[in-house]
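Descriptive analysis of the structure
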Amino acid sequence: MGNKDDYLKINEVEKMTGIPRSTIHFYLRKGLLHPPVKTGRTMAYYNSSHIERLRLIQQMKNDLGIPITYIKERLALHTPGSAPDLSPKPNTVTNEDFASAVGLKDRRKNEIISVAIKIFSEKGFYKTKVKDITDALDMSTGTFYIYFKNKEDLFNEAIDGVVKSILGGAAEAIKNEKDFMKRLLLRGQVFFEQYSKYSEVLNQLRAEMTRDSQEFQQKVKKIYHGLTQPIIKEFRAAMDQGLIRKTDPDLLAYAMTGLIETMSFRITVDPSYSFGDIMLFLSDFIINGVPLSNDPEEKQEAMAVVTEYIKGLAK
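Residues numbered from 1 in each chain as written. Predicted model: local features only at pLDDT ≥ 70, side-chain atom pairs only at ≥ 80, totals over all residues. Heavy atoms only, no water.

1. Quick notes on the overall build of the protein
Regarding its fold elements, the protein presents 13 helices and two strands. Taking all 315 residues of the protein together, 37% fall into the buried category. Across the protein, every contact between residues at least 6 apart in sequence was considered, and the portion connecting residues at least 24 apart equals 60%. Taken as a whole, the protein presents about 19,200 Å² of accessible surface, with 55% of it coming from carbon and sulfur. (Helix = DSSP H or I, 4+ residues; strand = E, 2+ residues; numbered from the N terminus. Buried < 20%, exposed > 50% of the residue type's maximum accessible area, 1.4 Å probe, protein only. Contact = heavy atoms within 4.5 Å. Areas by Shrake-Rupley, 256 points an atom, 1.4 Å probe, with all protein chains shown as cover.)

2. Some points on the confidence of the model for the protein
With 80% of its residues at a pLDDT of 70 or more, the protein has an overall mean of 78. Put simply, helix α4 (residues 68-74) is where the protein has its lowest mean pLDDT, 66, and helix α6 (residues 130-137) is where it has its highest, 91. Throughout residues 77-93 the model reports pLDDT below 50, and contacts reaching past four residues in sequence, or to other chains, amount to 26 contacts. (pLDDT = per-residue confidence, 0-100.)

3. Comments concerning the environment of Met239
With respect to the element layout, Met239 can be found in helix α10 (residues 214-240). Remark: the alpha-carbon pair of Met239 and Pro249, spanning 10 residues in sequence, is separated by 8.8 Å. Setting aside residues no more than four positions away along its own chain, Met239 makes contact with Ile244, Arg245, Lys246, Thr247, Pro249 and Leu252.

4. Digging into the pattern of salt bridges
Applying the stated rule across the entire model yields 12 salt bridges. For Lys118, the salt bridge identified is with Glu122, shortest N-O distance 2.8 Å. Taken together, the residues Lys118 and Glu122, both in helix α5 (residues 95-123) and four residues apart, mark about one turn of the helix. Accessibility classification places Lys118 together with Glu122 in one group, the exposed group. Residues joined in a network through salt bridges with shared partners are Arg183, Arg187 and Glu234. (Salt bridge = Lys/Arg side-chain N within 4 Å of Asp/Glu carboxyl O.)

5. Overview of unusual backbone geometry
Residue Asp138 is not a glycine yet carries a positive backbone phi of 55 degrees. Here Asp138 shows up in the loop between α6 and α7 (141-147).

6. Looking at the packing of helix α8 (residues 151-174) against α10
Viewed as axis vectors pointing N to C, α8 and α10 meet at an angle of 5 degrees, and their least axial separation amounts to 11 Å. Judged on the interaxial angle alone, α10 and α8 are roughly parallel. Contact residues: Phe155, Asn156, Ile159, Asp160, Val163, Ile166, Leu167 and Ile174 in α8; Glu215, Phe216, Lys219, Ile223, Gly226, Leu227, Pro230 and Glu234 in α10. By residue class, the composition of the contact of α8 with α10 is 10 nonpolar, two polar and four charged. (Axes fitted to C-alpha atoms, helices over the stretch in contact; angles between N-to-C directions. Parallel < 35°, antiparallel > 145°, perpendicular 65-115°, else oblique. Nonpolar A, V, L, I, M, F, W, Y, C, P; charged D, E, K, R; others polar.)

7. Quick word on a nonpolar patch on the surface
Together, Met303, Val306, Tyr309, Ile310 and Leu313 give the surface a local cluster of nonpolar side chains, amounting to about 540 Å² of exposed area. Turning to its location among the elements, Leu313 is positioned in helix α13 (residues 296-314). Assessed through its relative accessible area of 56%, Leu313 is described here as exposed. (Patch = residues over 30% accessible without salt bridge, like charges linked within 9 Å, V, L, I, M, F, W, Y side chains within 5 Å.)

Shown next, in the form of structure tokens:
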């Protein structure tokens, strides 16, 4: 059994770690801590390996906010029924320990966001309760609040994830494409695919603007700013190269984004149209415009009517 001087009673473990015996017993029941050496029915001895394991658990739990169930995944526990490992452990937590713990935390957070997006899409933001999300994940409410301050905080992160998915997918799709028109088509395809997955969440976000919520209004502005900035740069470069005529690149980017979003919505309400149908229509619309007439004078007259009407609105 080794040198008895190496063994510690539970009251000594409490003093050395600052962890109450009730918590130590809890860790033993959950399998996070290997059993002590029992010398009698009510007498058990711990050693330095227990001290270091307890310190590691507390660091992962308190410093990184990792739930107990996920700490267990990281810890190298002994096989059930085997003799406890009482060999000395390192005196410090390694960078690998923390990196792995952070990875577990990120993975769990992403799981919550993924499930939340699905539930927000089905029930709406206001009808969704935190309990709906925790029940779907078989998670305690206390664990939820380790990762998010409240439901609004989760919703905001979910929306950020949607935008990052759209922008990341577009960047990946066009990275090796040099042709301007093909790049636009690829951006449109990515937006369509992502919009089909997240349309309900995006619609809910816009709906929140009608509730006089400054927070949600700013969120919507930030989202569309993020979505349109890469397209604005694309249009500016194309104008500088003489590929398209000069116009306001900001309005053009918003017009394009709005057209693709509206057409993506059109497909969701009428599946008889395909993505190919929509892109062919939009490409023809962008290249040729609304076919008022082939006569230059008639086009000029039509534009004059529009200009006079706009001037009248400004009065």
